[in-house]
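Chain and residue survey
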Amino acid sequence: MVMAMGNRSSGFGVHASMRSTGPDRYGPPNDGASAVDRSGVTPDLVARLVVRVRELYGPSPSDLERMCWTVVHEHHHGAMPSEYDIREVDEDLYLAVLTASRQSLQ
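So, here's what we can say about the structure. Remember, it's a predicted structure, so these values are computed and weren't measured experimentally.

A separate point is the overall build of the chain. For the chain, the helix and strand inventory stands at three helices and zero strands. The order of helices and strands in the chain, counted from the N terminus, is α-α-α. For the chain, with 106 residues in total, the buried portion stands at 31%. Sequence separation of at least 24 residues holds for 52% of the intrachain contacts in the chain that already meet a minimum separation of 6. Roughly 6,600 Å² of accessible area belongs to the chain as shown, and the carbon and sulfur atoms make up 53% of that amount.

Put into structure tokens, the structure is as follows:
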């Protein structure tokens, strides 16, 4: 899970207590052949959320980490986060959306 906490410049990141503790946390590594990973993240969902990032923030968002987090928050909780909202979001989905968003900018 990703929380809106931390000392990063964007204020968004993975809380230390939620980082993976080792390779067995989610079972064997995913070789990428599966269309759905263990967390339920699908390429279609990621693509839809990347489109949502671009719809809301344009083709070159200024703070991509924060923008991706807000879109995943909206998907997960049904509403955009408020200023002090620290509810958790799916870490795997957030990272997939962030990675895909970065790739779409190149």
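Attention now moves to the nonpolar core. Ranked by internal contacts, the top residues of the largest apolar core, which has 17 residues, are L49, V53, C68, V72, L93 and V97. If you list the elements that add at least two residues to this core, you get helix 1 (43-57), helix 2 (64-77) and helix 3 (91-105).

The next subject is empty space enclosed by the protein. This model, assessed by the stated rule, comprises one cavity of 30 Å³ or more. In this structure, the largest cavity spans a volume of roughly 30 Å³. Around the largest cavity, the lining residues are V50, V53, R54, P61, L64, S101, S104 and L105. Put simply, the parts of the chain that give the lining of the largest cavity at least two residues each are helix 1 and helix 3. The class makeup of the residues in the lining of the largest cavity is five nonpolar, two polar and one charged.

What counts, and where the lines are drawn
- Residues numbered from 1 in each chain as written.
- Predicted model: local features only at pLDDT ≥ 70, side-chain atom pairs only at ≥ 80, totals over all residues.
- Heavy atoms only, no water.
- Helix = DSSP H or I, 4+ residues; strand = E, 2+ residues; numbered from the N terminus.
- Buried < 20%, exposed > 50% of the residue type's maximum accessible area, 1.4 Å probe, protein only.
- Contact = heavy atoms within 4.5 Å.
- Areas by Shrake-Rupley, 256 points an atom, 1.4 Å probe, with all protein chains shown as cover.
- Core = buried A, V, L, I, M, F, W, Y, C linked by side-chain atoms within 4.5 Å.
- 1 Å grid on protein atoms, 1.4 Å probe; cavity = no way out; pocket = protein on both sides within 12 Å on 5 of 7 lines; lining within 4 Å.
- Points joined across faces, edges and corners; volume = space filled by probe spheres on them.
- Nonpolar A, V, L, I, M, F, W, Y, C, P; charged D, E, K, R; others polar.

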